[in-house]
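Summary of the model geometry
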Amino acid sequence: MCVRHIGPVDFALAAGECVCLSGASGTGKTLLLRALADMEPHSGRVTLDGVACEDFAPMQWRCNVAMLAAESGWWHDRVGEHFPRVDESLLAELGFERKVMTAEVRRLSTGERQRLALLRVLMGKARVLLLDEPTAGLDPSNVRCVESLVADYRETRDVGVVWVSHDPQQVERVAHRHWRLVDGRLHEERLSG
């Protein structure tokens, strides 16, 4: 696959695997995730279980290959208006009580919005998660909470995860493999564990 200044890149992501993606700011990590989510024009072949991206309806692809943006959008005033249904156990695992659904989005902290945006993505039951710095701006306790929740979700549902992170310790904690994006190319890095 190629997208703007990135590529060609060629890789496979297994079900249940977490691959971390790192690289300097501005190298195109978000652009690569957006291309994988079919939100950015690209060339080449992207498949899910052998079926090409273009053989899916766009919304069907995005339901199966879901992206959590580093800064998620909120288009309604209240949190609950973004959720047709809520998994109470996931909500609790992210440190929220049910009453957060009546909260005004504008009154939430950046970290609260980020955790709730993750909940939105997880509620979609995607087969691949593209997570763009999902713990940026979170305190250490919530970082571990999100890491644990994503690991449990990945393992129990056999979901593939591409996780963008600038934190080398986090990469070691969550990744099965580690790619670094340099000059538009992916380079596999060794994990110490």
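Report follows, based on the coordinates. (Residues numbered from 1 in each chain as written. Predicted model: local features only at pLDDT ≥ 70, side-chain atom pairs only at ≥ 80, totals over all residues. Heavy atoms only, no water.)

Counting across every chain of the model gives 11 salt bridges. Taking the shortest distance from any N to any O, the salt bridge between R98 and E88 comes out at 3.3 Å. Linking R98 in the loop between α3 (88-93) and α4 (110-123) with E88 in helix α3, this pair joins segments that are 10 residues apart in sequence. A salt bridge links E104 to R106; the nearest nitrogen and oxygen atoms lie 2.9 Å apart. Residue class for E104 comes out partly exposed when judged on its relative accessible area of 22%. (Salt bridge = Lys/Arg side-chain N within 4 Å of Asp/Glu carboxyl O. Helix = DSSP H or I, 4+ residues; strand = E, 2+ residues; numbered from the N terminus. Buried < 20%, exposed > 50% of the residue type's maximum accessible area, 1.4 Å probe, protein only.)

Taken as a whole and judged by the stated rule, the model has two aromatic pairs. Ring centres of F11 and W179 lie 4.4 Å apart, and the angle between their planes is 50°; this geometry places the pair in the tilted category. On the criterion of sequence distance, the pair formed by F11 in the segment before β1 (18-22) and W179 in strand β7 (residues 177-182) is long-range, its members being 168 residues apart. Owing to a relative accessible area of 25%, F11 belongs among the partly exposed residues under this scheme. By relative accessible area, which is 4% here, W179 ends up buried. Taking 5.1 Å as the distance between ring centres and 70° as the angle between the ring planes, the aromatic pair formed by F56 and W61 counts as edge-to-face. Above the face of the W74 ring, R120 is positioned so that its terminal group lies 4.2 Å from the ring centre. (Phe/Tyr/Trp six-rings, centres within 6.5 Å; stacked < 30°, edge-to-face > 60°. Lys NZ or Arg CZ within 6 Å of the ring centre and 35° of its normal.)

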